[in-house]
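The chain contents come next:
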Amino acid sequence: MTEASESEEATAGRGRADRVAVTGTPGTGKSTATALLADEYDVIHLNERIKSDDDLWTERDADRDTLVADLDAVREHLGDWTGVLDSHLAHRFDADRVVVLRCHPEAIESRLVERGESPETAAENAESEALDVILSEAVAEHGAENVYEVDATDRDPEAVADAIRAAVEGEREPSAGTVDFIDYI
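Model, not experiment: these values are computed from the prediction.

Caption draft 1: Region of interest: unusual backbone geometry. The phi angle at Asp132 is positive, at roughly 60 degrees, despite the residue not being glycine. Within the secondary structure, Asp132 is located in the loop between α6 (119-130) and α7 (133-142). Asp132 gets classed as partly exposed once you look at its relative accessible area, which sits at 21%.

Caption draft 2: Looking closely at a nonpolar patch on the surface. A cluster of nonpolar residues, Leu131, Val133, Ile182 and Ile185, forms a patch on the protein surface that exposes about 340 Å² of accessible area. Turning to its location among the elements, Ile182 is positioned in the segment after α8 (157-169). Ile182 sits in the partly exposed class, given a relative accessible area of 45%.

Caption draft 3: View of α8. Taking 1.5 Å as the rise per residue, α8 with 13 residues should run 18 Å; its terminal C-alpha atoms sit 18 Å apart, in good agreement. Buried within α8 we find Val160, Ala161, Ala163, Ile164, Ala166, Ala167 and Val168. Buried residues along α8 sit in contact with β1 (19-24), α2 (30-35), β5 (83-86), β6 (97-102) and β7 (147-151). Directly beyond the C-terminal end of α8, a positive phi value near 75 degrees is found at Gly170.

Scoring rules and cut-offs
- Residues numbered from 1 in each chain as written.
- Predicted model: local features only at pLDDT ≥ 70, side-chain atom pairs only at ≥ 80, totals over all residues.
- Heavy atoms only, no water.
- Helix = DSSP H or I, 4+ residues; strand = E, 2+ residues; numbered from the N terminus.
- Buried < 20%, exposed > 50% of the residue type's maximum accessible area, 1.4 Å probe, protein only.
- Patch = residues over 30% accessible without salt bridge, like charges linked within 9 Å, V, L, I, M, F, W, Y side chains within 5 Å.
- Areas by Shrake-Rupley, 256 points an atom, 1.4 Å probe, with all protein chains shown as cover.
- Salt bridge = Lys/Arg side-chain N within 4 Å of Asp/Glu carboxyl O.
- Expected span 1.5 Å × (residues − 1).
- Contact = heavy atoms within 4.5 Å.

Any link to function would need more than the numbers given here.
In structure tokens form, the structure reads like this:
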């Protein structure tokens, strides 16, 4: 058997995952891409659920103008969920696979400012992206063998959705550690 066919066989053997977390720094395109998958999978936009249910958060972070999620309450709320879980927190929950969307820090900073975030918050998120914070957390929580990194910087939302779909369906190999934005720092 050739290396290529062994690789294809290993990939094909993974099959479809029941629970896929789609995570990444705010501004990477998670909600936009996962919305395109809603006709195929149950998509849970976790941030919207947290915002709409006072029992899922504990306080408002005044400095960042964000809610602080109660991860235990969210875990209980999700129960034995299936589908695609979309949030910068998604990797903190049980999942079969984790897709980490990545985007160049300069693009993140620009996108966040455009959508009304403060320059300080945008810069903090850009730095977090350059330092691989969410990727590192996802690998620590789920293992590199279950993490799929997707560089969304120059991809349109449909292409990002296709990459997520390939991870869900087991049609691509795990790829943690393939994207590097450290040059931003």
